[in-house]
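Structural overview for review
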Amino acid sequence: MHELGVATEIHRACRRTMESHGPGRIEEVRVAVGELSAVEPELLQFAWQAVTAGTPDEGSRLEVEWRPARQTCLKCGEVAERGAGSWLRLCPRCESPLRVEGGDELDILHLSFTPDDVQEPAP
Ligand SMILES: [Zn+2]
């Protein structure tokens, strides 16, 4: 499963970011996943649970922001007629060749974590 490697990389990157802050555990990570990155959001969340199981980050949340690719025409701009998961060869309005923009994102947008020395407030 490709997503397992991606989740491992995300976890490693988050841990690197946290190193300068001392020990702690991840609460939530938000990532941008592009349509062309070949990552299934649901599989990535499943992989995240597998990767963080048995670590201090077990139970943390991975939020995925889906970033679709855009097909654009040089004359008409963005082509909205494209259905999800399908590609148009030519612009439906002027029949010019289309370009593909975006959709290859695979970025960590936000990381929230709790340092170990913070005490839970008393009820
Ligand atoms: Zn056009």
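This write-up is about the structure you can find in this document.

Cut-offs applied
Residues numbered from 1 in each chain as written. Predicted model: local features only at pLDDT ≥ 70, side-chain atom pairs only at ≥ 80, totals over all residues. Heavy atoms only, no water. Helix = DSSP H or I, 4+ residues; strand = E, 2+ residues; numbered from the N terminus. Expected span 1.5 Å × (residues − 1). Buried < 20%, exposed > 50% of the residue type's maximum accessible area, 1.4 Å probe, protein only. Arc of directions from axis to C-beta. Contact = heavy atoms within 4.5 Å. Donors = N, O, S within 2.8 Å, 3.2 Å for Na, K, Ca; no water. Tetrahedral: all angles 85-135°; square planar, octahedral: opposite > 155°, others 65-115°. Salt bridge = Lys/Arg side-chain N within 4 Å of Asp/Glu carboxyl O.

1. A look at helix α1 (residues 2-19)
Helix length check: α1 (18 residues) gives 26 Å between terminal C-alpha atoms against 26 Å at 1.5 Å per residue, within 8%. Among all positions of α1, only Glu3, Val6, Ala7, Ile10, His11, Cys14 and Met18 are buried. For α1, the arc enclosing every buried residue in end-on projection is 135°, short of the 170-degree limit, so these residues lie on one face. In this structure, α1 carries Arg16 and Glu19 as exposed residues pointing more than 90 degrees from its buried face. Where α1 is buried, its residues contact β1 (24-34), α2 (41-52) and β6 (106-115).

2. Describing the coordination of the zinc ion
Protein coordination of the zinc ion is provided by Cys73 (SG), Cys76 (SG), Cys91 (SG) and Cys94 (SG), with donor distances spanning 2.3 Å. Coordination at the zinc ion is tetrahedral: its 4 donor atoms span angles of 102 to 114° at the metal. Look at where the donors of the zinc ion fall in the sequence and you get C-x2-C-x14-C-x2-C. Note that Cys73 is positioned in strand β3 (residues 70-73) and Cys91 in the loop between β4 (77-78) and β5 (98-101), a separation of 18 residues in sequence. For Cys73, a relative accessible area of 4% puts it in the buried group. Judged by its relative accessible area of 2%, Cys91 is buried.

3. Remarks on the side chain of Ser37
You can see Ser37 is positioned in the loop between β1 and α2. Once you skip the residues sitting within four places of it in the chain, Ser37 turns out to touch His2, Gly103 and Glu105.

4. So, the pattern of salt bridges
In this structure the tally under the stated criterion is 8 salt bridges. Note that Arg30 and Glu65 form a salt bridge whose closest N and O atoms lie 3.2 Å from each other. Of the two residues, Arg30 sits in strand β1 while Glu65 sits in strand β2 (residues 61-67), which places them 35 residues apart along the sequence. A salt bridge links Glu65 to Arg67, with the nearest nitrogen and oxygen atoms 3.0 Å apart. By sharing partners, the salt bridges in this structure join Arg30, Glu65 and Arg67 into a single network.

5. Focus on α2
Along an α-helix, a turn takes 3.6 residues, which lines up residues three or four apart on a common side. In a regular helix each residue adds 1.5 Å, so 12 residues correspond to 16 Å; α2 covers 16 Å between its end C-alpha atoms and thus fits that length. In this fold, the buried residues of α2 make contact with α1, β1 and β2. One or two residues past the end of α2 sits Gly54, with phi positive at roughly 80°.

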